[in-house]
Amino acid sequence: MEEAYASAGLRYRPRFTPVMRALMACEPSTIGQIAESAKISQPAATQTVALMVKEGLIVSEPGTDDSRQRQIRLSPRGRAMLSKLRDCWKATQMAADSLDASLPRPLSQSLDEAIKALSEESFGSRVTKARASLSGAGTRSAKSAAGKRRAESGKNAAKKKRTGDA
């Protein structure tokens, strides 16, 4: 996507899109409102907003009611690129639709199902369970190997007794 933005003459990163869309829907917005609207974490929203301020796409001003709470809005530069961004997003949607049409099962459907499954159990939780499973399997296989060694040692001792090597 970065290449698509660059070829459209935009200095813009894909990670800016959820923040940009949130601000297009409602501005000014606080970081918390952006995070909620964009369905991203507050730290991710804070980091992305900081990058976008640095790029001159948005401005951050003290709130009118509480100066500790920042009000975020599109800058003139950010507002000027909206038309090109909308064109890029439309082309992206058309490309995604084309990809879906060429697959036996639409990728968008699989992604929707994956998102739903991850909302029911996070990927982090799944990794934690997998680690526990591996450490349990590692413990079992170590115990199993130790048991095999003891059994073989016992067999060897019995064999030595029978043959008189003991």
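J.: For this particular structure, what's the right way to read the pattern of salt bridges?
T.: Side-chain pairing between opposite charges can occur once the charged atoms of the two side chains come close. Evaluation of the coordinates by the stated rule reveals six salt bridges. The residue Arg79 makes a salt bridge to Glu27 at a minimum N-O spacing of 2.8 Å. With Arg79 in helix H5 (residues 76–80) and Glu27 in the loop between helix H2 (17–25) and helix H3 (31–38), the pair connects residues that are 52 residues apart, well separated along the chain. The exposure class assigned to Arg79 is partly exposed, which follows from its relative accessible area of 41%.

J.: I would appreciate a short explanation of the confidence of the model for the protein chain in the present structure.
T.: Caution applies to low-pLDDT regions: their predicted coordinates should not be interpreted in detail. For the protein chain, mean pLDDT is 86; residues scoring 70 or higher make up 82% of the total. Looking across the protein chain, the model is least confident in helix H8 (residues 123–163), with a mean pLDDT of 68, and most confident in H2, with 97.

J.: Would you take a moment to explain the packing of H2 against H3 for this structure?
T.: A pair of packed helices can be characterised by two numbers: the angle between their axes and the separation between those axes. Between H2 and H3, whose axes approach to 9 Å, the crossing angle comes to 105°. For the element pair H2 / H3, the angle class is roughly perpendicular. Mapping the contact onto sequence places Pro18, Val19, Ala22 and Leu23 in H2 and Ile34, Ser37 and Ala38 in H3. Split into classes, the residues belonging to the contact of H2 with H3 amount to six nonpolar, one polar and no charged.

J.: Can you help me understand unusual backbone geometry in this one?
T.: Note: most residues except glycine have negative phi, and most peptide bonds are trans. A cis amide bond, omega 0°, links Glu27 with the succeeding residue Pro28. Looking at the element boundaries, Pro28 is found in the loop between H2 and H3. Residues other than glycine seldom take positive phi values, yet Lys39 does so here, at roughly 60°. By the element assignment, Lys39 lies in the loop between H3 and helix H4 (42–54). Assessed through its relative accessible area of 74%, Lys39 is described here as exposed.

Reading the values: rules and limits
- Residues numbered from 1 in each chain as written.
- Predicted model: local features only at pLDDT ≥ 70, side-chain atom pairs only at ≥ 80, totals over all residues.
- Heavy atoms only, no water.
- Salt bridge = Lys/Arg side-chain N within 4 Å of Asp/Glu carboxyl O.
- Helix = DSSP H or I, 4+ residues; strand = E, 2+ residues; numbered from the N terminus.
- Buried < 20%, exposed > 50% of the residue type's maximum accessible area, 1.4 Å probe, protein only.
- pLDDT = per-residue confidence, 0-100.
- Axes fitted to C-alpha atoms, helices over the stretch in contact; angles between N-to-C directions.
- Parallel < 35°, antiparallel > 145°, perpendicular 65-115°, else oblique.
- Contact = heavy atoms within 4.5 Å.
- Nonpolar A, V, L, I, M, F, W, Y, C, P; charged D, E, K, R; others polar.

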